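Listed below, chain by chain, are the residues.
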Amino acid sequence: MRIHSSLSSSLLLSSALLTGLASASGGFDCQNIIAEGKKYDLYDLRGVHTIYHVDKTEDYIVNTTYVLNICKTLGKASIRGDLKCGTSKNICGFQYKYAVDGEDEFGHAFPIAGLDPLGHGTKDPEVTRLKGDGQEGLLLKLAGGEYFDKDKKKNARAVIEFQCDPDRSGLEGLASAENESSEEEETRRRLVVREDEGDKDKDKDKEKTDPKDGSDPSRSLQFESFGPAEDDSYELKLKWRTRYACDNYVRDRKGDGSSHWGFFTWLIIIFFLCTAAYLIFGSWLNYNRYGARGWDLLPHGDTLRDIPYIFQDWLRRVINTLQGSGSRGGYSAV
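Thresholds, definitions, all that
Residues numbered from 1 in each chain as written. Predicted model: local features only at pLDDT ≥ 70, side-chain atom pairs only at ≥ 80, totals over all residues. Heavy atoms only, no water. Helix = DSSP H or I, 4+ residues; strand = E, 2+ residues; numbered from the N terminus. Buried < 20%, exposed > 50% of the residue type's maximum accessible area, 1.4 Å probe, protein only. Contact = heavy atoms within 4.5 Å. Areas by Shrake-Rupley, 256 points an atom, 1.4 Å probe, with all protein chains shown as cover. Core = buried A, V, L, I, M, F, W, Y, C linked by side-chain atoms within 4.5 Å. Pairing = 2+ DSSP bridges. Disulfide = S-S within 2.5 Å. Salt bridge = Lys/Arg side-chain N within 4 Å of Asp/Glu carboxyl O. Patch = residues over 30% accessible without salt bridge, like charges linked within 9 Å, V, L, I, M, F, W, Y side chains within 5 Å. Lys, Arg positive; Asp, Glu negative; His and termini not counted. Charge placed at Lys NZ, Arg CZ, Asp CG, Glu CD. Phe/Tyr/Trp six-rings, centres within 6.5 Å; stacked < 30°, edge-to-face > 60°.

As annotated in an unreviewed UniProt entry, the protein carries the name Autophagy-related protein 27 and comes from Aspergillus pseudoviridinutans.

1. With respect to the overall build of the protein
Helix and strand counts for the protein come out as 6 helices and 13 strands. Taken over 334 residues, the protein has a buried fraction of 31%. Within the protein, counting contacts between residues at least 6 apart in sequence, those at least 24 apart form 55% of the total. Accessible surface, the protein: about 21,800 Å² in total, of which carbon and sulfur atoms supply 55%.

2. Notes on the nonpolar core
Core analysis: the largest hydrophobic core is formed by 34 residues, its most contacted members being Ile-70, Phe-162, Phe-226 and Trp-240. Mapped onto this core, the elements with two or more residues apiece are β1 (33-35), β4 (60-68), β8 (105-114), β10 (137-149), β11 (152-164), β12 (221-228) and β13 (234-242). With residues near it in sequence (within four places) discarded, Trp-240 still touches Leu-45, His-49, Leu-68, Ile-70, Ile-160, Glu-161, Phe-162, Gln-163, Gly-170, Leu-174, Ser-220 and Leu-221. In this structure, Leu-74, Cys-92, Phe-94 and Tyr-98 belong to the second largest nonpolar core, which totals 8 residues.

3. A short note on the pairing of strand β3 (residues 49-56)
Buried residues dominate β3, accounting for 6 of its 8 residues. Here β3 pairs with β4 via 8 bridges, running antiparallel. Each residue of the ladder has a partner; that of His-53, found in β4, is Thr-64. Connecting the antiparallel pair β3 and β4 is a turn made up of 3 residues.

4. Notes on the state of the cysteines
Taken as a whole and judged by the stated rule, the model has 3 disulfides. Each disulfide pairs two cysteine sulfurs, and for Cys-85 the partner residue is Cys-92, the sulfurs being separated by 1.9 Å. Sign of the S-S torsion, about -80 degrees for the bond between Cys-85 and Cys-92, identifies this disulfide as left-handed. According to the relative accessible area criterion, Cys-85 is buried, its value standing at 12%. A disulfide bridge connects Cys-164 with Cys-246, and the sulfur atoms are separated by 2.0 Å. Taking the torsion about the S-S bond as the criterion, the Cys-164 to Cys-246 disulfide, at about 85 degrees, is right-handed. Of this pair, Cys-164 sits in strand β11 while Cys-246 sits in the loop between β13 and α4 (249-259), and the two are 82 residues apart along the sequence. On the accessibility criterion, Cys-246 (8% relative accessible area) is buried. Taking only the cysteines that form disulfides and numbering them from first to last, the protein has the pattern 1-2, 3-4, 5-6.

5. Considering the pattern of salt bridges
Considering all chains together, one arrives at 10 salt bridges under this definition. Asp-232 is the salt-bridge partner of Lys-154, the closest N and O atoms lying 3.3 Å from each other. Of this pair, Lys-154 sits in strand β11 while Asp-232 sits in the loop between β12 and β13, and the two are 78 residues apart along the sequence. Salt bridges linked by common partners bring Arg-157, Asp-231, Glu-235 and Lys-237 together as one network.

6. Section: a negative patch on the surface
Together, Glu-58, Asp-59, Asp-101, Glu-103 and Asp-104 give the surface a local cluster of negative charge. Mapped onto the secondary structure, Asp-104 falls in the loop between β7 (89-99) and β8.

7. Details of the packing of aromatic side chains
Summed over all chains, the structure comprises 13 aromatic pairs. Between the aromatic rings of Tyr-66 and Phe-226, the centroid separation amounts to 6.1 Å while the plane-to-plane angle is 55 degrees, which identifies the pairing as tilted. Of this pair, Tyr-66 sits in strand β4 while Phe-226 sits in strand β12, and the two are 160 residues apart along the sequence. Ring centres of Phe-110 and Tyr-147 lie 4.8 Å apart, and the angle between their planes is 80 degrees; this geometry places the pair in the edge-to-face category.

8. Topic: the environment of Asp-124
Relative to the elements of secondary structure, Asp-124 occurs in the loop between β8 and β9 (126-129). Under the relative-accessibility criterion, Asp-124 is labelled partly exposed at 43%. In this structure, Asp-124 is in contact with Lys-141 and Ala-143, ignoring residues within four places of it in sequence.

Right, dumping it as structure tokens:
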């Protein structure tokens, strides 16, 4: 029994060490990003965000929803209906394939970036600054996913290009978790209707299939592509316009926070300055006019010395009032 207990303890300790090593090697702190001497803070982009893209063929409509959280793992958000991607992932894809005739329907989930439990896999984060042609921002690469292409497992990763845009927070137009499913169903219905309309409006159908499929220019987070890369892996490319990717945003924000104080802070400072000026001027006046010393220097020194006694008298009166309120009223017997 002792040998079995020792072996179990050793296994548990080894698993914990592997997990810790995996976290340390594959960790990514979105709040403290250092790239070429510049500091960036993307913490305000935290949370679970969704973006979807639609592809149409003659036989199928493929709707792929990408769920991501760059600051934390997805947790429960990695489960959508009967599709599961992995709670330790940061980016997952949920692909729904519908037949145009409405008879067949397929769905599967695949991880794109994140850690695996017990030390298997790593995110291998790579952060570089955007350079050239007046560009300003960050290029983030996160690995740790996999995608099945014709029954062959391929590695998957995400490449997110954070572009500096001082006028955008980065959250404009992002789909909320409450209306994701209804939004997908509405997308499918609109596409099927457009397919059935056929020759009614061919010119319009040749344009964009759905303005909300992740390529809408009004959205800060935009879908670029998902497909094979040069190294035979699959790569998800996104563009994210936000002020937090600007080179000097962190520095400017700290400067603004230290130089602008709140209204109550200024009120307290003004009060203390006025009190100090009153005491100093009153003491100087008493010294030069009356030759006062010690407590007599302070203006209204007698009142200040009597404050403890005044407070005691007031407190005693309050206690007597409270005690007297519970006594029986009426006339006393003679």
